[in-house]
Protein chains: 2
Amino acid sequence: MNKDFKKDENFFLNKHPLDEETLFLVSQTFKALSDPTRIRILNLLCIAEHSVNELAEKLDLGQSTVSHQLRFLKQLRLVKYRRAGTTLYYSKDDDHIMNLLNQAIEHATHN
Amino acid sequence: MNKDFKKDENFFLNKHPLDEETLFLVSQTFKALSDPTRIRILNLLCIAEHSVNELAEKLDLGQSTVSHQLRFLKQLRLVKYRRAGTTLYYSKDDDHIMNLLNQAIEHATHN
DNA sequence: TCAATATATGAGCATATGTTCATATATTGA
DNA sequence: TCAATATATGAACATATGCTCATATATTGA
């Protein structure tokens, strides 16, 4: 299996046309990655876990804004959290999607 | 370089924090992939070039709807077209992003 | 040149989205 | 138990989005 084939491996494996459920999940996943605020949050969580306030401060966003977006990301299982007292530390929970994000960032910076 | 490092290669290469321009381009690119209609269009263009009417018929969409979405995808250089008479044949124009889409589809079908 | 065909475009509309504000909830230490 | 701290939540708002309709534009063959 040469490199070019490997690169398009998923194309050959994927179904055509896409069923409703897959379509919805894929669109939701990309929707999560389509907002600058969420991208910035995920980009930080890519480095290390952060509390809600840490994210809000580092990104200069309201606490409520961050919390709302984290709920969105959590519901898609892109992030998770652990509790330490009253503080919730959020971290990434889907390496594959994080990898997609990083690929897109890399692609964007070189085009 | 082992496989695990290779997988997160982009993470280490990408800048933190992201600059405004990169952020915008990445979000726009994912926005393109975040709508079911556009995903279905790209999924067909992944197989072969199609005219606007062919896409509209295959996907049971209005001609105007398809045309509007193709303009969106064209402006991001995700698709291109060639003219043959009055017919415009659209095809994919960014293999990297197409690959991201196929990865996400593959990911969605196995989770 | 003109009708036929294919596509593009702009306005209008309903719905979705992201932020903010105010407030609710939860945990901890005193 | 209570105040302090951290986070979650819901409503309201402005803006963005996607589709439809009507119409404009472009190309071709007669």
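Here the structure is a predicted model, which is why all the values come from computation and not from measurement. (Residues numbered from 1 in each chain as written. Chains lettered and ligands numbered in written order. Predicted model: local features only at pLDDT ≥ 70, side-chain atom pairs only at ≥ 80, totals over all residues. Heavy atoms only, no water.)

Residue and element names in this part refer to chain B. For helix H4 (residues 36-45), a buried count of eight out of ten residues is recorded, marking the element as mostly surrounded by other parts of the structure. All buried positions along H4 are accounted for by Thr-37, Arg-38, Ile-39, Ile-41, Leu-42, Asn-43, Leu-44 and Leu-45. N-cap assignment for H4: the residue whose side-chain oxygen lies 3.1 Å from the backbone N of Thr-37 is Asp-35. (Buried < 20%, exposed > 50% of the residue type's maximum accessible area, 1.4 Å probe, protein only. Helix = DSSP H or I, 4+ residues; strand = E, 2+ residues; numbered from the N terminus. Polar contact = N/O pair within 3.5 Å; in protein donor to acceptor, adjacent residues only side chain to side chain.)

In the region of DNA strand D, 23 residues are neighbours, and Ser-64 and Tyr-90 of chain A together with Thr-37, Ser-64 and Gln-69 of chain B sit closest. A share of 68% of the atoms of DNA strand D within 4 Å of the protein falls on sugar and phosphate groups. Contact between DNA strand D and Gln-69 of chain B: a phosphate oxygen at 2.5 Å from a side-chain N or O atom of the residue. Those elements giving two or more residues to the surface near DNA strand D turn out to be helix H5 (52-59), helix H6 (63-75) and strand E3 (87-92) of chain A together with H4 and helix H6 (63-75) of chain B. Counting residues per element, the surface near DNA strand D draws most heavily on H6 of chain A, which supplies five residues. (Near = heavy atom within 4 Å.)

Going through the model one piece at a time under the given rule, you end up with one cavity of 30 Å³ or more. If you add up the space inside the largest cavity, you get close to 30 Å³. Lining the largest cavity are Asn-14, Lys-15, Leu-18, Asp-19 and Thr-22 of chain A together with Ile-105 and Thr-109 of chain B. Its residues placed into classes, the lining of the largest cavity shows two nonpolar, three polar and two charged. (1 Å grid on protein atoms, 1.4 Å probe; cavity = no way out; pocket = protein on both sides within 12 Å on 5 of 7 lines; lining within 4 Å. Points joined across faces, edges and corners; volume = space filled by probe spheres on them. Nonpolar A, V, L, I, M, F, W, Y, C, P; charged D, E, K, R; others polar.)

Going through the model one piece at a time under the given rule, you end up with three aromatic pairs over all chains. Seen from their ring centres, Phe-30 of chain A and Phe-30 of chain B are 5.7 Å apart, and the 25° between their planes marks the pair as stacked. Of this pair, Phe-30 of chain A sits in helix H3 (residues 20-32) while Phe-30 of chain B is found in helix H3 (residues 20-32), placing the two residues in two different chains. According to the relative accessible area criterion, Phe-30 of chain B is buried, its value standing at 0%. Aromatic side chains Tyr-81 of chain A and Tyr-90 of chain A sit 5.3 Å apart centroid to centroid with 50° between the ring planes, which places their arrangement in the tilted category. One Lys or Arg, Arg-38 of chain A, reaches over the ring of Phe-72 of chain A and ends 4.4 Å from the middle of that ring. (Phe/Tyr/Trp six-rings, centres within 6.5 Å; stacked < 30°, edge-to-face > 60°. Lys NZ or Arg CZ within 6 Å of the ring centre and 35° of its normal.)

Taking the UniProt record as the reference, the feature "domain: HTH arsR-type" (unreviewed entry) is found at residues 18-111 of chain A. With 63% helix and 15% strand, the stretch residues 18-111 of chain A has end C-alpha atoms that lie 30 Å from each other. (UniProt positions renumbered as here; feature names shortened; annotations may be inferred.)

Right, let's get into the relation of the copies chain B and chain A. The two copies are related by a screw motion: chain B maps onto chain A through a turn of 180° and a shift of 0.0 Å along the axis, at an RMSD of 0.0 Å. Those values place the two copies in the arrangement expected of a two-fold rotation axis. No C-alpha of chain B approaches the rotation axis more nearly than that of Phe-30 of chain B, which lies at 2.7 Å. When you check the interface residues of chain B against chain A, 100% turn up at the interface there too, and the contact is symmetric in its surfaces. (Least-squares fit on C-alpha atoms with pLDDT ≥ 70 in both. Contact = heavy atoms within 4.5 Å.)

This next bit is on the side chain of Asn-10 of chain B. Secondary-structure assignment places Asn-10 of chain B in helix H2 (residues 9-13). Judged by relative accessible area, Asn-10 of chain B falls into the buried class, the value being 14%. The contact partners of Asn-10 of chain B, leaving out residues within four places of it in the chain, are Asn-102, Gln-103 and Glu-106 of chain A.

In this section: the sheet that holds strand E1 (residues 50-51) of chain A. All names here are of chain A. Spatially, the three strands line up as an open sheet ordered E1-E3-E2, and their pairing is antiparallel. Every interior strand has two partners, whereas the edge strands, E1 and strand E2 (79-84), have only one. Sheet analysis places E1 next to E3, joined by two bridges and oriented antiparallel. Paired with His-50 across the bridge in E3 is Tyr-90. (Pairing = 2+ DSSP bridges.)

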